[in-house]
Amino acid sequence: MERLIEGVRQILRAGRIVAFTGAGISAESHVPTFRGGDGLWRNYSPESLATAEAFESDPRLVWEWYDWLRGLIHAAQPNPGHLALAELQQKNPGRFTLVTQNIDGLHEKAGSRDVVKLHGDIWRLRCTTCGREGRNEQVPMEHLPPLCRCGGTLRPAIVWFGEMLPEDSWMRAVDAAGRADVFVAIGTSAVVYPAAGLVRVARESGAQIVIVNPDPTPADQLAQWILRGPAGEILPRLI
Ligand code: OAD
């Protein structure tokens, strides 16, 4: 492992770096992953609640889950993995981009800047009637489901299954992946598209691919470097 770590440290010294994160980086901050065994809430899987259909049929139920998740995230602190990425950005101004699938805001809490958020932000709400969007950090929510001043139902401004990614974030992510010299995929199962496709974009554009994950993922076959282990232990060793 030490030789692998040293090898990755070397390639991080020059060129453009993209870090691409998923729920696994927040696991050590006690935010449950989506596909981990502990990802169940009242016998619902997050995947079954994170859909427009679930919201349409029972907005209160979906909101109860997000309200619980917001409480959990509110209490969570960034872990050494988040902090290492913030430091990597600070040490490499102009050649580091952080792309995340996470909605928890822990990268910003750790000090990361200009985070490219592919799946939105749990602290932003959008009206399903008038489209107005804004920040809301109330924990717990006073009223479920929360209502817009126009009377419409508010939803979390996040991307649910079957929905489009925010176009500007996606363009930035593809652009960064296509120009990366090193692309580090951290804590993602790499099964949710289009986000997972960034690994291939980077690889086909000539980047070295590094995976940081305790478990195998389909992206491993594209990687030259596989660092098996928790992000909170591995990432600090890369700096
Ligand atoms: P998943 O829950 O699918 O995968 C989490 C990954 O993190 C798995 O590969 C784990 O092996 C790994 N992991 C667990 N603990 C870890 C640790 N301490 N350090 C590093 N890795 C660890 O989460 P995502 O890949 O982020 O979409 O899921 C992708 C998308 O699916 C999410 O953004 C979400 C979900 O539906 C939306 O919300 C739209």
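So, here is what we can say about the structure in this document. All values derive from a computational prediction rather than experimental measurement. (Residues numbered from 1 in each chain as written. Predicted model: local features only at pLDDT ≥ 70, side-chain atom pairs only at ≥ 80, totals over all residues. Heavy atoms only, no water.)

1. A word on the pattern of salt bridges
Now for step 1: Per the stated rule, a full pass over the model turns up 15 salt bridges.
Now for step 2: Between Arg 237 and Glu 2 there is a salt bridge, with the nearest N and O atoms lying 2.8 Å from each other. Pair noted here: Arg 237 is in helix H9 (residues 231–238) and Glu 2 is in helix H1 (residues 2–11), with a separation of 235 residues, a long-range link.
Now for step 3: As a salt-bridge pair, Glu 133 and Arg 126 come within 3.9 Å of each other at their nearest N and O atoms.
Now for step 4: Members of the salt-bridge network, linked through shared partners, are Glu 108, Lys 117, Asp 121, Arg 135 and Glu 137. (Salt bridge = Lys/Arg side-chain N within 4 Å of Asp/Glu carboxyl O. Helix = DSSP H or I, 4+ residues; strand = E, 2+ residues; numbered from the N terminus.)

2. A word on the packing of aromatic side chains
Now for step 1: Within the structure shown, the criterion is met by four aromatic pairs.
Now for step 2: Both rings, one in Phe 20 and one in Phe 183, keep their centres 5.7 Å apart while their planes meet at 40 degrees; by these two values the pair is tilted. Taken together, the residues span a long stretch of sequence, with Phe 20 in strand S1 (residues 17–21) and Phe 183 in strand S7 (residues 182–186) at a distance of 163 residues. No difference in accessibility class separates Phe 20 from Phe 183, as the two residues are buried. (Phe/Tyr/Trp six-rings, centres within 6.5 Å; stacked < 30°, edge-to-face > 60°. Buried < 20%, exposed > 50% of the residue type's maximum accessible area, 1.4 Å probe, protein only.)

3. Brief notes about the layout of surface pockets
Now for step 1: Of the volumes computed, that of the largest pocket is approximately 710 Å³.
Now for step 2: Lining the largest pocket are 37 residues, and of these Phe 34, Arg 35, Gln 101, Ser 189 and Val 192 sit closest to its centre.
Now for step 3: Formed jointly, the lining of the largest pocket draws a minimum of three residues from each of two domains, domain 1 (1–31 + 78–119 + 165–239) and domain 2 (32–75 + 121–158). (1 Å grid on protein atoms, 1.4 Å probe; cavity = no way out; pocket = protein on both sides within 12 Å on 5 of 7 lines; lining within 4 Å. Points joined across faces, edges and corners; volume = space filled by probe spheres on them. Domains from an automatic or database assignment.)

Scope: geometric values only; no functional claims are made or implied.
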